[in-house]
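Take a look at the letters that make up each chain.
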Amino acid sequence: AQSVTQLGSHVSVSEGALVLLRCNYSSSVPPYLFWYVQYPNQGLQLLLKYTSAATLVKGINGFEAEFKKSETSFHLTKPSAHMSDAAEYFCAVSEGARGNEKLTFGTGTRLTIIP
Amino acid sequence: EAQVTQNPRYLITVTGKKLTVTCSQNMNHEYMSWYRQDPGLGLRQIYYSMNVEVTDKGDVPEGYKVSRKEKRNFPLILESPSPNQTSLYFCASSSYTDTQYFGPGTRLTVL
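Note that this is a predicted model, so its numbers are computed, not measured.

## Things to note about the interface of chain A and chain B
Turning to step 1, where the next piece is worked out: Every contact between the two is made by 20 residues of chain A and, on the other side, 22 residues of chain B.
Turning to step 2, where the next piece is worked out: At the boundary of chain A with chain B, total buried surface from both sides reaches about 1,600 Å², with 53% on carbon and sulfur atoms.
Turning to step 3, where the next piece is worked out: The interface formed by chain A and chain B contains zero salt bridges.
Turning to step 4, where the next piece is worked out: Taken together, chain A and chain B are joined by two residue pairs in polar contact (both at pLDDT 80 or more).

Here's what the structure looks like:
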């Protein structure tokens, strides 16, 4: 069975500082991994995905994530936080061959940006 | 514009009164799914459908029904809603070669 653990339900960073959101996964097969962002009162938007190509994945809005098999991690980073990054972020894992089947989500991390 | 639409966006109802939340996508996607989002629990899958007339249970199917008579539509049915079904519901769709696109969500309150 697959599972996702997001460490820290709330993270606060200053504007311009590094953003680091942590995600660890468990999967019995090589996983497909995703980060989604949810802005207030909106649906989920895909930030980036790992599908076994490059281990460092670049996404939208300056975010990137690195797949580390030895650590079973897929942490999300952004070098310099912007006020518009304030949102809730979800890590998800899929064992589907195409990465588009059943998604198992983490419990989410709410990111607050301090001016 | 490619999109997943849900209706209604907000709904307040009473225990036991049957309701349907509609979901429609205009991308000719085969795969559609329903999730509920609850604080501290993230998103959990309720039901999914791999294609027309093919549906299966997700992690939390109790109290819900779905149907997939047309490729574009995937309604979620609550035959007898209860307060523990108060939640934020998301529909999603994808092709077999792409990731899931999510609708804007339906906030349901059952009194």
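What follows picks up the thread again.
## Notes on the pairing of strand S6 (residues 54-57) of chain B
Every regular strand shows the same layout, with side chains that alternate between the two sheet faces.
Turning to step 1, where the next piece is worked out: Pairing of strand S5 (residues 42-51) of chain B with S6(B) involves four bridges; the strand directions are antiparallel. Considered in S6(B), the bridge of B:Tyr48 is made with B:Asp56.

## Section: the nonpolar core
Turning to step 1, where the next piece is worked out: A:Trp35, A:Leu48, A:Phe74, A:Leu76 and A:Tyr89 are the most contacted members of the largest nonpolar core, which totals 27 residues.
Turning to step 2, where the next piece is worked out: Of all the secondary-structure elements, those providing two or more residues to this core are strand S2 (10-14), strand S3 (19-26), strand S4 (32-38), strand S5 (44-50), strand S7 (64-68), strand S8 (73-78), strand S9 (87-94) and strand S11 (109-114) of chain A.
Turning to step 3, where the next piece is worked out: For A:Leu48, the residues in contact, after removing those within four places along its chain, are A:Leu33, A:Phe34, A:Trp35, A:Val57, A:Lys58, A:Gly59, A:Phe63, A:Glu64, A:Ala65, A:Phe74 and A:Leu76.
Turning to step 4, where the next piece is worked out: Residues B:Met32, B:Tyr47, B:Val60 and B:Val110 belong to the second largest nonpolar core, which totals 19 residues.

## Here we look at the sheet that holds strand S3 (residues 19-25) of chain B
Residues and elements named next belong to chain B.
Turning to step 1, where the next piece is worked out: Pairing in this open sheet of four strands is antiparallel, and the strands run S1-S3-S8-S7 from one edge to the other. Two strands lie at the open edges of the sheet, namely strand S1 (4-7) and strand S7 (65-66), each paired on one side alone.
Turning to step 2, where the next piece is worked out: One ladder, built from four bridges, connects S1 with S3; its direction is antiparallel. The partner of glutamine 6 across the bridge, within S3, is cysteine 23.

## Observations concerning the sheet that holds S3(A)
All names here are of chain A.
Turning to step 1, where the next piece is worked out: One open sheet accounts for five strands, arranged S1-S3-S8-S7-S6; its pairing is antiparallel. Bordering the open sheet on either side are strand S1 (3-7) and strand S6 (56-58), each of which pairs with just one other strand. Within the sheet, the average angular offset between the axes of one strand and its neighbour, ignoring direction, is 20°.
Turning to step 2, where the next piece is worked out: Where S3 and S8 come together, four bridges link them in antiparallel fashion. By the bridge assignment, leucine 21 is partnered in S8 with leucine 76.

## Section: the state of the cysteines
Note: disulfide means a covalent bond formed between the sulfur atoms of two cysteine side chains.
Turning to step 1, where the next piece is worked out: Under the criterion given, the structure shown has two disulfides over all chains.
Turning to step 2, where the next piece is worked out: Residue pairing for A:Cys23: its cysteine sulfur links by disulfide to A:Cys91, the two sulfurs lying 2.0 Å apart. Taking the torsion about the sulfur-sulfur bond, which here is approximately -65°, the covalent link between A:Cys23 and A:Cys91 counts as left-handed. With A:Cys23 in strand S3 and A:Cys91 in strand S9, the pair connects residues that are 68 residues apart, well separated along the chain.
Turning to step 3, where the next piece is worked out: Take A:Cys23: its relative accessible area is 0%, and that puts it in the buried class.
Turning to step 4, where the next piece is worked out: In this model B:Cys23 forms its disulfide with B:Cys91; the gap between the sulfur atoms is 1.8 Å.

The rules behind the values
- Residues numbered from 1 in each chain as written.
- Chains lettered and ligands numbered in written order.
- Predicted model: local features only at pLDDT ≥ 70, side-chain atom pairs only at ≥ 80, totals over all residues.
- Heavy atoms only, no water.
- Contact = heavy atoms within 4.5 Å.
- Buried area = accessible area lost by both parts, 1.4 Å probe.
- Salt bridge = Lys/Arg side-chain N within 4 Å of Asp/Glu carboxyl O.
- Polar contact = N/O pair within 3.5 Å; in protein donor to acceptor, adjacent residues only side chain to side chain.
- Pairing = 2+ DSSP bridges.
- Helix = DSSP H or I, 4+ residues; strand = E, 2+ residues; numbered from the N terminus.
- Core = buried A, V, L, I, M, F, W, Y, C linked by side-chain atoms within 4.5 Å.
- Buried < 20%, exposed > 50% of the residue type's maximum accessible area, 1.4 Å probe, protein only.
- Axes fitted to C-alpha atoms, helices over the stretch in contact; angles between N-to-C directions.
- Disulfide = S-S within 2.5 Å.

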